[in-house]
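So the chains spell out like this:
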Amino acid sequence: MIRIDSVTKRYPDSTVAVDRLSLEIPDRSITVLVGPSGCGKTTTLRMINRMVEPSEGTITIDGEDITRQPVNSLRRSMGYVIQNAGLFQHRTVVDNIATVPRLLGWSKSRARERARELMERVGLDASFAKRYPYQLSGGQQQRVGVARALAADPPVLLMDEPFSAVDPVVRKGLQEELLRIQSELGKTIVFVTHDIDEAIRLGTMVAVMRTGGRLAQFAPPAELLSSPADAFVEDFLGADRGIRRLSFFESTALALTKTPIVSIDASAERIASCGTAETPYLLVTDPEGRPLGWSEPGELVAGDIEPRRLLSYGRPFEHGKDSLRAALDCAVLSPTGWAVAVDDGGRVAGVVSQQAIGDAIRSAHAAGEREEKVAG
Ligand code: ADP
């Protein structure tokens, strides 16, 4: 565990960048430092690998003060990734990644073999090995940066706004990749960002910092959203925190109904039997059970269902895998107000109304509050 204990950093011009910060960074998980620009995130990160020395306080790793370790061996135990990757422009991708193993005295062939293995791990095609950084997109460069930081297999990764310079779609891909790498390799990651959505998506624990280098709140993302410590954190989380909190509730508990589901090859009798007052629309599926669209009951004629004339079913959610937020989004976007739930094969598992989703949200909140009371 990395423990930051009452650490203050005063720069020579007397700026207090970090003010009596205490944090316990758990092993094998992602801890995100988030806050507005200038609140001391980068300074905190750099104190962990001693690129910046604290003015007061101590930082320990597994109980040992980091100032007692030679700085070189400390840094070797910590990969470091920065915005724009910071690659060596005159070195190929494979040689960029092999940098640290080569410094550690590995043979060229072993270091390159390791580099190629890491390219695969971070989702880079082997054909990029001989390219130079300028021949890669921003997102690809960032993947090289992550691979380079992982090359000597350090237990800790320090990441400073690594994905801030790439567009939102690429960024999402990089975030997913990081979560995958983290779950496979179990690294202890300290991740700096000014983007609260990124913090919530990636963090096991999130430290919200405020200007002046003070800690505002340190909590798991779901707890930040449900119980912000003060008005600053609440403001920083944004106006839609209630909706975003739904991402942490599973859709498993939703009561689905199959009553209004009818296959395109259904008989007239079957069609007649599936309309109810409760579900004024019918969901038509193909013979394999995949959704085609909604129809009003009276409009369906056996043997003559025209998929083009059906109302769009919108984007379905995967029951049990997607969150209540995804289910609500489906229902809100659906022309009928009903969301379509599918299984992992894309076949309809059932449908659920906005109202039933609203009920599930209310009971999830009530259960969450009960848990908080018990924990408190
Ligand atoms: P963040 O990463 O949250 O944007 P920083 O840690 O970079 O914040 O900076 C925190 C504060 O310290 C800012 O006010 C910044 O201007 C100041 N600062 C950062 N580096 C230095 C430095 N080398 N000398 C003086 N002030 C600095």
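Residues numbered from 1 in each chain as written. Predicted model: local features only at pLDDT ≥ 70, side-chain atom pairs only at ≥ 80, totals over all residues. Heavy atoms only, no water.

1. Some thoughts on the overall build of the protein
Logical step 1: Secondary structure assignment for the protein yields 14 helices and 16 strands.
Logical step 2: Projected onto its principal axes, the C-alpha positions of the protein cover 80 × 50 × 30 Å.
Logical step 3: Taken over 376 residues, the protein has a buried fraction of 46%.
Logical step 4: Intrachain contacts of the protein at a sequence separation of at least 6 include 61% that bridge at least 24 residues.
Logical step 5: Total accessible area on the protein is roughly 18,300 Å²; 48% of this is exposed by carbon and sulfur atoms. (Helix = DSSP H or I, 4+ residues; strand = E, 2+ residues; numbered from the N terminus. Buried < 20%, exposed > 50% of the residue type's maximum accessible area, 1.4 Å probe, protein only. Contact = heavy atoms within 4.5 Å. Areas by Shrake-Rupley, 256 points an atom, 1.4 Å probe, with all protein chains shown as cover.)

2. Re the packing of aromatic side chains
Geometry of an aromatic ring pair is reported as the spacing of the ring centres plus the angle between the planes.
Logical step 1: Applying the stated criterion to the full structure yields 2 aromatic pairs.
Logical step 2: Taking the centre distance of 6.1 Å and the plane angle of 10° together, the rings of phenylalanine 232 and phenylalanine 236 count as stacked. Taken together, the positions of phenylalanine 232 and phenylalanine 236, both in helix α10 (residues 231–237) and 4 residues apart, correspond to about one turn of that helix.
Logical step 3: We note arginine 91 situated over the ring of phenylalanine 88; from NZ or CZ to the ring centre the distance is 4.6 Å.
Logical step 4: When the ring centre of phenylalanine 88 is taken as reference, the NZ or CZ atom of arginine 148 above it lies at 5.1 Å. (Phe/Tyr/Trp six-rings, centres within 6.5 Å; stacked < 30°, edge-to-face > 60°. Lys NZ or Arg CZ within 6 Å of the ring centre and 35° of its normal.)

3. Digging into the sheet that holds strand β11 (residues 261–263)
Logical step 1: Strand order in the open sheet formed by 3 strands is β11-β12-β13, with mixed pairing between adjacent strands. Looking along the sheet, the strands with just one partner apiece sit at the ends: β11 and β13 (291–295). Put simply, the sheet's adjacent strands are angled 30° from each other on average, direction ignored. (Pairing = 2+ DSSP bridges. Axes fitted to C-alpha atoms, helices over the stretch in contact; angles between N-to-C directions.)

4. So, the domain arrangement of the protein
Logical step 1: Examined at the domain level, the protein breaks down into domain 1 (2–239) and domain 2 (261–361).
Logical step 2: For domain 1 versus domain 2, the distance between C-alpha centres works out to 44 Å. (Domains from an automatic or database assignment.)

5. Quick word on the sheet that holds strand β14 (residues 317–318)
Logical step 1: Here 3 strands make up an open sheet; going across it, the order is β14-β15-β16 and the pairing mixed. Each end of this open sheet is capped by a strand with a single partner; those strands are β14 and β16 (348–353).
Logical step 2: By the bridge criterion, 2 bridges tie β14 to strand β15 (residues 338–342) in an arrangement that is parallel. Looking at β15, one finds that glutamate 318 is bridged to valine 342.
Logical step 3: On the sheet, helix α13 (residues 324–333) packs against β14 and β15 and is oriented at approximately 130° with respect to β15.

6. Quick look at the nonpolar core
Logical step 1: Ranked by internal contacts, the top residues of the largest apolar core, which has 47 residues, are Val32, Ile97, Met159, Leu178 and Phe191.
Logical step 2: Tallying contributions element by element places helix α6 (residues 138–150) first for this core, with 5 residues.
Logical step 3: For phenylalanine 191, the contacting residues outside a window of four places in its chain are Ile30, Thr31, Val32, Leu33, Met159, Pro162, Phe163, Leu178, Glu198 and Leu202.
Logical step 4: Membership of the second largest hydrophobic core comes to 25 residues, among which are Val7, Ile25, Val52 and Val190. (Core = buried A, V, L, I, M, F, W, Y, C linked by side-chain atoms within 4.5 Å.)

7. A short note on the environment of alanine 272
Logical step 1: The residue alanine 272 is located in helix α12 (residues 268–274) in this model.
Logical step 2: Judged by its relative accessible area of 64%, alanine 272 falls in the exposed class.
Logical step 3: When the C-alpha atoms of alanine 272 and leucine 300 are compared, they prove to be 9.0 Å apart, with 28 residues separating the residues in sequence.

8. What to know about the packing of α6 against helix α7 (residues 168–185)
Logical step 1: Direction vectors running N to C along α6 and α7 enclose 20°, while the axes themselves pass 10 Å from each other. The angle between α6 and α7 places the two elements in the roughly parallel class. The interaxial crossing formed by α6 with α7 has right-handed handedness. In this structure, α6 contributes Gly139, Gln142, Arg143, Val146 and Leu150 to the contact, and α7 contributes Val170, Gly173, Leu174, Glu177, Ile181 and Leu185.
Logical step 2: Here the residues of the contact of α6 with α7 sort into 6 nonpolar, 3 polar and 2 charged. (Parallel < 35°, antiparallel > 145°, perpendicular 65-115°, else oblique. Left-handed = near helix turned anticlockwise from the far one by under 90°. Nonpolar A, V, L, I, M, F, W, Y, C, P; charged D, E, K, R; others polar.)

9. Quick word on the pattern of salt bridges
Logical step 1: According to the stated counting rule, one finds 25 salt bridges in the structure shown.
Logical step 2: Ionic pairing is found between glutamate 53 and arginine 50, a salt bridge with its closest N-O pair at 3.0 Å.
Logical step 3: One salt bridge connects glutamate 177 with arginine 143, and the closest N-O pair in it is separated by 3.5 Å. Pair noted here: glutamate 177 is in helix α7 and arginine 143 is in helix α6, with a separation of 34 residues, a long-range link.
Logical step 4: Exposure remark for glutamate 177: the relative accessible area of 16% places this residue in the buried category.
Logical step 5: Among the ionic contacts, a cluster of salt bridges with common partners joins Arg121, Arg143, Glu177, Arg180 and Glu184. (Salt bridge = Lys/Arg side-chain N within 4 Å of Asp/Glu carboxyl O.)

10. Section: the site of the ligand
Logical step 1: In the vicinity of the ligand, the residues found are Tyr11, Asp13, Thr15, Ala17, Pro36, Ser37, Gly38, Cys39, Gly40, Lys41, Thr42 and Thr43.
Logical step 2: A distance of 2.8 Å separates an oxygen atom of the ligand from a polar backbone atom of threonine 42.
Logical step 3: In the environment of the ligand, an oxygen atom lies 2.5 Å from a nitrogen or oxygen atom belonging to the side chain of threonine 43.
Logical step 4: Isolated, the ligand exposes 560 Å² of accessible area, and the fraction of that covered by the protein chains is 61%.
Logical step 5: Take the shell around the ligand: its biggest share by element is 3 residues, from helix α1 (residues 41–48).
Logical step 6: Considered class by class, the residues forming the shell around the ligand number 4 nonpolar, 6 polar and 2 charged. (Near = heavy atom within 4 Å. Polar contact = N/O pair within 3.5 Å; in protein donor to acceptor, adjacent residues only side chain to side chain.)

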